[in-house]
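As a plain string of letters, each chain reads:
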Amino acid sequence: MSTISTVAVIGAGQMGAGIAHAVSLGGYSVRLYDVNAQRLPLAQGEIAASLARHTGRGLIAQADADAALKRITAVTTIADAVTGADLVIEAALEDEAVKKGVYTQVIPHLGPQTLLASNTSSISITRLASATDRPDRFVGLHFMKPAPVMKLVEIIRGIATSAETHSAAVAFAESLGKTTTDAEDFPAFIVNRILVPMMNEAIFALYEGVGNVASIDKALRLGANHPMGPLELADFMGLDVVLAIMNVLYDGLADSKYRPCPLLVKYVEAGWLGRKSGRGFYDYSGETPVPTR
């Protein structure tokens, strides 16, 4: 896209780092920021390791990987990240208050034409946009995890999102080699409205003793031809993220079928968040993940 050359990614967690990887590989200059400055070198290391894996598998050329890595600049202030950026992608925690707090810090440094996007996986784009000075230039860009690998990007228009902003978001995502799908601004959009309740139901099956972790995941891998079992996938997404999405669905749609499983709540309260914490429905402390139930 000729109108977008510099992209700021706010949040250097697993999603933010993955988005930075995908965007830089698409040829854009990327500024990566996180409120925790110690997270930045870790994110850069994760991106470098991911690029190395891709070159090792012959998916990209070494020269392209080297160039992509050079296009990513880690910055330690919001101002340095977003000043002069053509597109800002917020990839903060899946918490509405946190995201709105980011926008408060970002807005004073944005140019009048800068596009603002959220990678939220469930929260209302209309509501998030209302906390900014540019609801017409605000859009949902929901990358799937892991962002460098997964081909889909959900594009979500808020009620005030302009047609021009929507078109720019679609063109930008497609320039990264992604396929886009339009989702209406309802809780959790398309993918997570369908996927996350399935995980929650698997957790209920575990909670009620229908099967153990290994049997439930095996049943869905082999019985439904899923590449990962639902409990394994929940660990991969992060159980805190799964719970946050279920709460958005439950609060937003007021339907008891979206009630988060008490076992999911208990795991999150224990800090057992899945792969990123080393323990969830599997224990990741050894070479091979071991079911915890």
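Residues numbered from 1 in each chain as written. Predicted model: local features only at pLDDT ≥ 70, side-chain atom pairs only at ≥ 80, totals over all residues. Heavy atoms only, no water.

*Asks:* Mind laying out the environment of alanine 147, listing which residues take part and the relevant values?
*Replies:* Counting through the fold element by element, alanine 147 comes out in the loop between strand E6 (138-143) and strand E7 (152-157). Sequence separation between alanine 147 and alanine 117 is 30 residues, and the spatial gap between their C-alpha atoms is 15 Å. Contact partners of alanine 147, with chain neighbours within four places excluded, come to Met15, Gly18, Ile19, Ala22 and Lys178. (Helix = DSSP H or I, 4+ residues; strand = E, 2+ residues; numbered from the N terminus. Contact = heavy atoms within 4.5 Å.)

*Asks:* Account for the UniProt feature "domain: 3-hydroxyacyl-CoA dehydrogenase C-terminal" (unreviewed entry) in the chain, naming residues and giving values.
*Replies:* Per the UniProt record, the feature "domain: 3-hydroxyacyl-CoA dehydrogenase C-terminal" (unreviewed entry) sits at residues 189-284. Helix makes up 61% of residues 189-284 and strand 2%, whereas the separation of the span's terminal C-alpha atoms amounts to 31 Å. (UniProt positions renumbered as here; feature names shortened; annotations may be inferred.)

*Asks:* Break down the layout of surface pockets for me, with residues and values.
*Replies:* In this approach a probe as big as a water molecule rolls over the atoms, and the regions it shows empty are the leftover space. Roughly 1400 Å³ of internal volume is contained in the largest pocket. Around the largest pocket sit 50 residues that line it, and Met15, Lys145, Met237, Val241 and Lys276 are the ones nearest its centre. Going through the elements one at a time, helix H1 (14-25), helix H2 (39-56), helix H5 (96-106), E6, helix H8 (191-207), helix H10 (230-237) and helix H11 (239-253) are the ones with two or more residues in the lining of the largest pocket. For the lining of the largest pocket, the class distribution of residues is 28 nonpolar, twelve polar and ten charged. The space that makes up the second largest pocket amounts to roughly 470 Å³. As for the second largest pocket, its lining consists of 19 residues, and the residues nearest its centre are Gln14, Ser50, Arg53, Pro146 and Pro148. Counting residues per element, the ones that place at least two in the lining of the second largest pocket are H1 and H2. With six residues, the single largest contributor to the lining of the second largest pocket is H2. Its residues assigned to classes, the lining of the second largest pocket shows nine nonpolar, five polar and five charged. (1 Å grid on protein atoms, 1.4 Å probe; cavity = no way out; pocket = protein on both sides within 12 Å on 5 of 7 lines; lining within 4 Å. Points joined across faces, edges and corners; volume = space filled by probe spheres on them. Nonpolar A, V, L, I, M, F, W, Y, C, P; charged D, E, K, R; others polar.)

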